[in-house]
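# Structure at a glance
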Amino acid sequence: MRRSDTRPLVMMGKGTLFPAFKQNACFLLLAPLLCLLLLPRGNQQQVEQAGAQTASYLGGYVFPISAKWGEDVDFHLSTTASKVKIEIFRQGVVQEKVAVVEEVKGTYFPCHHSEVGCFFPKVYSLTLDSRYRPGLYLAKFINKDAPTEEDLAYFVVKPDQPGSLSQIAVVLPLNTWEVHNFRDGRKVYPSPYEPGYEGRARTASFLRPWADICYNLELGYPIGGPAYIWWLESQGYYPEYLTDVDLDRDPAILSHYRVGISIAHHEYWSWNMRDS
């Protein structure tokens, strides 16, 4: 059947097709009610429980995200859990557990403006030394009363002198990881073809949880991370690791290496990074 009438159509009853004039308004008003009535009971229960789930919160991050031997990295936490354990792993051929903080007291601190930082309280500080090999590290914040509830955060460890342990530097795209992060707020990334583009964030901060991107990286999300490091080290290469933040702070840092590898997907560059 050829349609000469280009107005929207609505299917009503069995095989009945007619132009949607006033019916559109009626349908739009009734649609939410129809959805609730037709929603399977299991899904309806999930909708009803969604509000209750927000009462439980566990969020943590590590700052600075890149530090060298002799410097401290601080662990920041906000949670409704009473007690939290922190486990720290180095990412490599295997995920090597290097430190455990058995218990820190949980305190809830709301994140009011994640685009400029959540500024959660510091619950633990780790002084880096040569026991912590250069690499990408993963911190797990674990609810001690419900061990399956956890939050993840990455940070990078460097030797005190760049190029002292390896002439190969791998630059990790932490700017890209953070821009893809929408935990506790809006993300910068949505393209003009995605919902939410007009309301996207214009700035991003490392001072907030970013577990969603950590979980994606653990699953092999293709913007650089554990999979690349696993391959390099499984082939006998043990580079030093930098971040794009390091290139911005010290554009001359790559001069300490013979080889610089920019892995995966570096989307966001400052002039200092380009100069490096």
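Data block above holds the structure.
Here is a short report on the structure shown in this document. (Residues numbered from 1 in each chain as written. Predicted model: local features only at pLDDT ≥ 70, side-chain atom pairs only at ≥ 80, totals over all residues. Heavy atoms only, no water.)

## What to know about the overall build of the protein chain
Our working rule: Put simply, DSSP marks the helices as runs of H or I at least four residues long and the strands as runs of E at least two long, and each gets a number from the N terminus on. Using a 1.4 Å probe on the protein chains alone, a residue whose accessible area is under 20% of its type maximum counts as buried, one over 50% counts as exposed, and one in between counts as partly exposed. In what follows, residue pairs with any heavy atoms lying within 4.5 Å of each other are defined as contacts. Areas reported as accessible are Shrake-Rupley estimates using a 1.4 Å probe. Residue values count occlusion only from the protein chains shown.
The secondary structure content of the protein chain amounts to seven helices and 13 strands. Counting every position in the protein chain, which comprises 276 residues, the buried fraction comes to 41%. For the protein chain, restricting intrachain contacts to residue pairs at least 6 apart in sequence, the fraction spanning at least 24 positions comes to 69%. In the structure as shown, the protein chain presents an accessible area of about 15,500 Å², 57% of it carried by carbon and sulfur atoms.

## Notes on the side chain of glutamine 91
Counted only if it meets this: We define a polar contact as two N or O atoms separated by no more than 3.5 Å, with the added condition that, inside protein, one atom must be a possible hydrogen donor and the other a possible acceptor, whereas residues neighbouring each other in sequence contribute only through side-chain atom pairs.
Examined against the element boundaries, glutamine 91 turns out to sit in the loop between β6 (83–90) and β7 (96–105). For glutamine 91, a relative accessible area of 4% corresponds to the buried category. Side-chain polar atoms of glutamine 91 contact the side chain of glutamine 95, separated by 2.9 Å.

## Some remarks on the sheet that holds strand β10 (residues 150–158)
Test applied: Paired strands are those between which DSSP finds at least two bridges. Lines fitted to C-alpha atoms define the axes, with helix axes restricted to the stretch in contact, and inter-axis angles between N-to-C directions lie between 0 and 180 degrees.
One open sheet holds the five strands; their spatial order is β4-β10-β9-β6-β7, and the pairing between them is mixed. Strands at the two margins of the open sheet, each flanked by one partner only, are β4 (66–68) and β7. Each strand of the sheet is rotated relative to its neighbour by a mean of 25 degrees, with strand direction disregarded. Bridging between β6 and β7 involves seven bridges; their strand directions are antiparallel. Counterpart to glutamate 87 in the pairing with β7 is valine 100.

## Here we look at the state of the cysteines
So the rule is basically this: The definition used for a disulfide is geometric: two cysteine sulfur atoms within 2.5 Å.
Throughout the structure, instances matching the rule amount to one disulfide. Disulfide partner of cysteine 111: cysteine 118, at an S-S distance of 2.0 Å. Across the S-S bond linking cysteine 111 and cysteine 118, the dihedral sits near -75 degrees, which makes this disulfide left-handed. What makes cysteine 111 partly exposed here is its relative accessible area of 23%. Residue class for cysteine 118 comes out buried when judged on its relative accessible area of 4%.

## Structural notes on the pairing of β10
The buried fraction of β10 amounts to eight of the nine residues, a majority that puts the element mostly inside the structure. One ladder, built from three bridges, connects β4 with β10; its direction is parallel. Of the residues in β10, the one forming a bridge with lysine 68 is lysine 158. As defined by bridge partners, strand β9 (residues 135–143) adjoins β10 across eight bridges and the pair is classed as antiparallel. In the strand pairing of β10, phenylalanine 141 is matched with aspartate 151. The loop that links β9 with its antiparallel partner β10 comprises six residues.

## A word on the packing of aromatic side chains
We count it as follows: Each aromatic pair joins two rings of Phe, Tyr and Trp (for Trp, the six-membered one) with centres within 6.5 Å, and gets the label stacked for planes under 30 degrees apart, edge-to-face for over 60, and tilted for any other angle. Only lysine NZ and arginine CZ atoms are considered, and such an atom sits over a ring when it is within 6 Å of the ring centre and within 35 degrees of the ring normal.
Following the criterion strictly, the structure yields 13 aromatic pairs and no others. Between tyrosine 61 and phenylalanine 120, the aromatic rings sit 5.7 Å apart at their centres with planes inclined by 35 degrees, giving tilted as the arrangement. In this pair, tyrosine 61 sits in strand β3 (residues 58–63) while phenylalanine 120 sits in the loop between β7 and β8 (122–127), placing the two residues 59 residues apart along the sequence. This pair shows no difference in class: tyrosine 61 is buried, exactly as phenylalanine 120 is. Ring centres of phenylalanine 109 and phenylalanine 120 lie 6.4 Å apart, and the angle between their planes is 80 degrees; this geometry places the pair in the edge-to-face category. Residue phenylalanine 109 is located in the loop between β7 and β8, and its partner phenylalanine 120 is located in the loop between β7 and β8; the two are separated by 11 residues in the primary sequence. Taken together, Phe75, Tyr124, Tyr132, Tyr137, Phe141 and Phe155 form an aromatic cluster joined through their ring pairs. In this structure, lysine 140 is placed above the aromatic ring of phenylalanine 89, and the distance from its NZ or CZ to the ring centre is 5.0 Å.

## A word on a nonpolar patch on the surface
Spelled out, the test is: For patches, a residue must show more than 30% relative accessible area and have no salt bridge; joins then use 9 Å for like charges and 5 Å for nonpolar side chains, namely Val, Leu, Ile, Met, Phe, Trp and Tyr. Every case where a carboxyl oxygen of Asp or Glu lies within 4 Å of a side-chain nitrogen of Lys or Arg is listed as a salt bridge.
A grouping of Val93, Val94, Trp230, Trp231 and Tyr237 is seen on the molecular surface, where their side chains present a nonpolar patch of about 530 Å² in accessible area. The exposed category is assigned to valine 94, whose relative accessible area is 58%.

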